[in-house]
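Letter by letter, the chains look like this.
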Amino acid sequence: MKFSNSLKFNAVSDWWDEYIAYSALKKKIYDIAAQTDAAEDGHPDVERAGLLAALRVSGNDIFIPLLDRELDKIVNFYTHQEKEVLDELMELKVLIEQTEEQGLVEEPYRDEDGTDEDEEDDDDETTNRSVSRDLSKRRRKASSASDGGRLPDRRSSAGSYDYDVEASVPSLNRRRANSSSGWESSPRAAPKTPLEQVFRFMGVTSDEPETIWTARTDYALDTRMLFKRRITTLYISATSLRSYVELNQTGFRKVLKKYEKVTMNTLKDSYMHGKVETAYPFKNDTKDRLSQAINDIIQLYARCVTRGSISTATKMLKTHQREHIVWERDTVWRQMIGRERRGESDGQVKALGGTVDTKEEALLAVPTPIGRFSITSKGVSLAAALLVLGLLLTFPMVEGEEANRCFAILCFSTVLWATEAIPLFVTSMMVPLLVVMLRVVKSADGSKRLNPSEATKWVFSIMFSPTIMLLIGGFTIASALSKSNIDRLLITRVLSLAGTRPSIVLLAFMLVSCFASMWISNVAAPTLCFTLVRPILANLPAGSRFAPCVILGIALAANIGGQSSPISSPQNLIALQAMEPSLDWLGWFAVALPVSGVSIILIWLLLLASFNPGKTIDGEDLTIKSIRPPRERFSAKQYYVAFICILTIGLWCFEHKLEYLVGDMGIIAIIPILAFFGTGVLKKADFDQFLWTVVFLAMGGIALGKAVVSSGLLETMDVVIRDMVDGLSMYSVVLLLSLIVLVVSTFISHTIASVLLVPIAKEVGTNLPGSPARLLVFVTALAASTGMGLPVSGFPNQTAASQEDEVGNLYLTTGDFIKNGVPASVVAAAIVATVGYLLMRATGI
């Protein structure tokens, strides 16, 4: 978790403004880096650069006063809070001594049916106000907000233990045991448990006199309860103050580390040792004083509540503290996070790298007796899909009832996938429902239709296939690489070798984005690269064309990386499933890696010609600030993760030779799951964060493809397909197929394009001389990743389209995508149809 998020999650909400302004300081670091570059590297902002040079202001001279201001704020706040805690502790000690001296000799409780109720109520209210003021005085001072002299809320309380402190005070005057013997009539309480009754009957009783902390009378119980709540509240305040010190000290260390990394200055050690560690809250004596106060509070709790047991008191207080923290997080931060995840925050949800508005404007609002009915474009698309389904079921277009119904399902799903009227994975989940209910599945020999029970078993058996297990194994490897920080370390080390020339830096980022997409998916890879490139973008001169160029280059390279390995994108796995026999990883790499490499180089040249990123708006040469190589060394955990990943990929590469042992690549995919989740490298939360929508999308696509074959629809289409390819050469079919796949994948999801076109490509290949079905399926998979001409063409483009600069302006426009993405798509598809085709022929596919 990033420290900024950790700070938000662990801070006391009432004290939020008193913590180190970590995010503001981090933003200032990039401003200082930009100013330093302007003074030293000939920044076009001549006025600012000259001013800085004249004043000879270094980055430290700017940053240290900001740190000093934050440190002074923390020192003042801590000093005040510590005094409040220590004063309250001293007051508690005095009250406890007075209570013990007073003992059990106290004015008896009045009966519930007392004759002077009005007078009693007045006395109760007076006592209530007095004790309430006494109990809440310190908490009011610590709170940053007040409400007419009353506590603003109960969030500073210990769980549910002080929600009714005031209400319990009148009970000291009104409550009375229902039995006739009050505490005043018997200094020793009656036995409460069967064991005590046996001991009392046998004459075995304790000679130790009862005290206010051990007696079972109503007065003693209420007194202990009040002190218990007050001590618990003080304990939570003291431990929160200790946490406040630890968080701020970590914040100074983190922000100074970030400062040194970005500005190349040296400040961390001198400032931490010279100022932070010598400031009052961070001195060892101060920490020891607060720790001693916490120990004294525990002893008071043991004295008043747990009959002298320090261990029991410590355990109970920590339980109260944990309940308090969980309660605050549930009511403040987790509700906020939950709202963000559910998309309930101002109609917006966080996307990868930006914010996407989820509210859709209505095309038409129709007033009705029950309110206004809004018609949206998605609603129109959904209605159109249902209309298509109904018409095709009513008026047969394909010979054969099962085939026609399957054709209706295919068209219905295609409309929903193309328009995204409902989420893609929801459409995929409708496929098995319709396949079973419309009874489109036939038996293996095609002699009869399967009944719903048989069709259900059939459709679920083919949905969870080895391909799906391979996809989950890929997610596991990607998650392990990301969580262990291996991906960031390797990528940063490679980028540090790129130097300062914009063209080389652009190529380095594109190669890194492509390589990362091979292993951590082309969804997460561009997001990681965008994070790494931000420090560079923050130091660029205004109007630099390098920023949009590198953003677009990362996105296009991530799309190309989607074709580079079998687990880089779902369309590759769908193609592998359709190949008979299946292609191993070495065979895939032999074709895909050269195709990807040539595509990256040509797209890089295209971007250089289009953006000219090496020049500023003034025509001067642009110099990119180099990326500092990481200093961290591989830990034992990282070596373990790397070993498991390399072992799994190696087994996938030689799966055909190990088929007698493992059976399929899906079984090999279980190895990283066991190795990482079984050893604690990955947790249940990591499993929950897998892209399960992609898994269900692939499962629905597999089910639809199998249904097309089982229903006989593919055989019916065989005649049409045979007429289409009649007279065409093998290479002509490859060119035509590449063009069709490119167009379809540009406007809809790459995965959906593969779901729809892989069965057709397989059938076309079956009807050609030599039956090159595997080759055409391979071409379809590779070409599906080349559709990247629009902002909506694939996850990387969607992520790039949402990237903003520091003032909220988008780096890329739709025109940038059309001007550069469309030519890049054509180039990449042409490479698949030429270089890819020759390599497939050469490797015997």
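Here the structure is a predicted model, which means the values were calculated and not measured. (Residues numbered from 1 in each chain as written. Predicted model: local features only at pLDDT ≥ 70, side-chain atom pairs only at ≥ 80, totals over all residues. Heavy atoms only, no water.)

Caption draft 1: Geometry of the overall build of the chain. Assigned secondary structure in the chain consists of 35 helices and four strands. The 845 residues of the chain split such that 48% are buried. In the chain, the proportion of contacts linking residues at least 24 apart, taken out of those at least 6 apart, comes to 75%. Total accessible area on the chain stands at roughly 41000 Å², and carbon and sulfur atoms take up 58% of it. (Helix = DSSP H or I, 4+ residues; strand = E, 2+ residues; numbered from the N terminus. Buried < 20%, exposed > 50% of the residue type's maximum accessible area, 1.4 Å probe, protein only. Contact = heavy atoms within 4.5 Å. Areas by Shrake-Rupley, 256 points an atom, 1.4 Å probe, with all protein chains shown as cover.)

Caption draft 2: Representation of the packing of aromatic side chains in the model. Under the definition given, this model contains 20 aromatic pairs. With centroids separated by 6.4 Å and ring planes inclined at 85 degrees, the aromatic side chains of phenylalanine 252 and phenylalanine 282 adopt a geometry described as edge-to-face. Here phenylalanine 282 lies in the loop between helix 10 (268-276) and helix 11 (284-304) and phenylalanine 252 lies in helix 9 (residues 218-263), a separation of 30 residues in the sequence. Of the two residues, phenylalanine 252 and phenylalanine 282, both sit in the buried class. Taking 6.0 Å as the distance between ring centres and 55 degrees as the angle between the ring planes, the aromatic pair formed by phenylalanine 475 and phenylalanine 690 counts as tilted. (Phe/Tyr/Trp six-rings, centres within 6.5 Å; stacked < 30°, edge-to-face > 60°.)

Caption draft 3: Structural context of a nonpolar patch on the surface. Taken together, the side chains of Leu363, Leu364, Val366, Phe373 and Val380 present a nonpolar region at the surface, about 470 Å² in accessible area. You can see valine 366 is positioned in strand 3 (residues 364-368). (Patch = residues over 30% accessible without salt bridge, like charges linked within 9 Å, V, L, I, M, F, W, Y side chains within 5 Å. Salt bridge = Lys/Arg side-chain N within 4 Å of Asp/Glu carboxyl O.)

Caption draft 4: Structural context of a positive patch on the surface. A cluster of basic residues, Arg253, Lys254, Lys257, Lys261, Arg488 and Arg631, forms a positive patch at the surface. Examined against the element boundaries, arginine 253 turns out to sit in helix 9. Given the relative accessible area of 36%, arginine 253 is considered partly exposed. (Lys, Arg positive; Asp, Glu negative; His and termini not counted. Charge placed at Lys NZ, Arg CZ, Asp CG, Glu CD.)

Caption draft 5: Spatial organisation of the environment of glutamate 715. Checked against the element boundaries, glutamate 715 lands in helix 30 (residues 713-725). Owing to a relative accessible area of 63%, glutamate 715 belongs among the exposed residues under this scheme. When the C-alpha atoms of glutamate 715 and glutamate 763 are compared, they prove to be 8.7 Å apart, with 48 residues separating the residues in sequence.

Caption draft 6: How the structure looks around the pattern of salt bridges. Overall, the coordinates contain 15 salt bridges when judged by the stated rule. A salt bridge links aspartate 87 to lysine 83, with the nearest nitrogen and oxygen atoms 2.9 Å apart. Here the residue aspartate 87 and the residue lysine 83 both occupy positions in helix 4 (residues 59-102), the gap between them amounting to four residues, near one helical turn. Exposure remark for aspartate 87: the relative accessible area of 38% places this residue in the partly exposed category. Two residues, arginine 449 and glutamate 401, come together in a salt bridge whose shortest N-O distance is 3.3 Å. Taken together, the residues arginine 449 in the loop between helix 16 (424-437) and helix 17 (452-463) and glutamate 401 in helix 15 (residues 401-419) connect sequence positions 48 residues apart.

Caption draft 7: Structural view of the environment of glycine 794. With respect to the secondary-structure elements, glycine 794 resides in the loop between helix 33 (773-784) and helix 34 (795-801). Overall, glycine 794 belongs to the buried group, its relative accessible area being 11%. Considering only alpha carbons, one finds glycine 794 and alanine 784, 10 residues apart in sequence, at a separation of 10.0 Å.

Caption draft 8: Focus on unusual backbone geometry. Even without being a glycine, arginine 307 presents a positive backbone phi close to 60 degrees. Its place among the elements puts arginine 307 in the loop between helix 11 and helix 12 (310-331). For arginine 307, a relative accessible area of 57% gives the class exposed. Of note, the phi angle at asparagine 612 is positive, near 50 degrees, even though the residue is not glycine. Note on asparagine 612: relative accessible area 44%, which makes it partly exposed.

Caption draft 9: Structural context of the nonpolar core. Membership of the largest hydrophobic core comes to 162 residues, with the highest contact counts inside it found for Phe509, Trp652 and Leu776. Examining the composition of this core, we find that 20 residues originate from one element, helix 20 (residues 502-538), more than from any other. Within the second largest apolar cluster, 62 residues are counted, among which are Leu7, Ile231, Tyr244 and Leu317. (Core = buried A, V, L, I, M, F, W, Y, C linked by side-chain atoms within 4.5 Å.)

Caption draft 10: Expanded view of the packing of helix 21 (residues 546-561) against helix 23 (residues 585-611). Relative to each other, helix 21 and helix 23 sit at 160 degrees, their axes nearing to 10 Å. As the angle between them shows, helix 21 and helix 23 are arranged roughly antiparallel. Two packed elements cross with a definite hand, and for helix 21 against helix 23 that hand is right-handed. On the side of helix 21, the interface is formed by Pro548, Cys549, Leu552, Gly553, Leu556, Ala557 and Ile560, while helix 23 contributes Ser596, Ser599, Ile600, Ile603, Leu607 and Phe611. The residue makeup of the contact of helix 21 with helix 23, split by class, is 10 nonpolar, three polar and no charged. (Axes fitted to C-alpha atoms, helices over the stretch in contact; angles between N-to-C directions. Parallel < 35°, antiparallel > 145°, perpendicular 65-115°, else oblique. Left-handed = near helix turned anticlockwise from the far one by under 90°. Nonpolar A, V, L, I, M, F, W, Y, C, P; charged D, E, K, R; others polar.)

Caption draft 11: Up close: the packing of helix 17 against helix 29 (residues 692-710). It is at 9 Å that the axes of helix 17 and helix 29 come closest, and there the two elements cross at 125 degrees. Classed by the angle they form, the pair helix 17 and helix 29 counts as oblique. As helix 17 runs across helix 29, the sense of the crossing is right-handed. Facing helix 17, whose interface residues are Trp458, Val459, Ile462 and Met463, helix 29 presents Met699, Gly700, Ile702, Ala703, Lys706, Ala707 and Ser710. Here the contact of helix 17 with helix 29 is built from residues that sort into eight nonpolar, two polar and one charged.

Caption draft 12: Local environment of the confidence of the model for the chain. Chain-level pLDDT for the chain is 76 on average; 79% of the residues reach the 70-or-more range. Within the chain, helix 27 (residues 670-677) carries the highest mean pLDDT (92), whereas strand 1 (residues 348-351) carries the lowest (34). Here residues 41-57 is modelled with pLDDT under 50, and outside its nearest four sequence neighbours on either side it reaches 19 contacts, counting other chains as well. Contacts from residues 106-193, a stretch scored under 50 in pLDDT, to residues over four places away or in other chains number 118 contacts. (pLDDT = per-residue confidence, 0-100.)

Caption draft 13: A look at helix 21. With 16 residues, helix 21 should reach 22 Å at 1.5 Å per residue; the first-to-last C-alpha distance of 22 Å fits that figure. Counting buried residues along helix 21, 16 of its 16 residues qualify, which places the element largely inside the surrounding structure. (Expected span 1.5 Å × (residues − 1).)

Caption draft 14: Structural detail: the side chain of serine 517. With respect to the secondary-structure elements, serine 517 resides in helix 20. Judged by its relative accessible area of 0%, serine 517 falls in the buried class. Of note is the side chain of serine 517, whose polar atom sits 2.8 Å from the backbone oxygen of serine 513. (Polar contact = N/O pair within 3.5 Å; in protein donor to acceptor, adjacent residues only side chain to side chain.)

Caption draft 15: Focus on helix 33. An ideal rise of 1.5 Å per residue puts 16 Å on 12 residues; helix 33 measures up with 17 Å between its terminal C-alpha atoms. A large share of helix 33 lies buried, amounting to 12 of its 12 residues. Among all positions of helix 33, only Ala773, Arg774, Leu775, Leu776, Val777, Phe778, Val779, Thr780, Ala781, Leu782, Ala783 and Ala784 are buried. Those residues of helix 33 that are buried are in contact with helix 22 (570-578), helix 23, helix 31 (730-747), helix 32 (750-767) and helix 35 (814-842).

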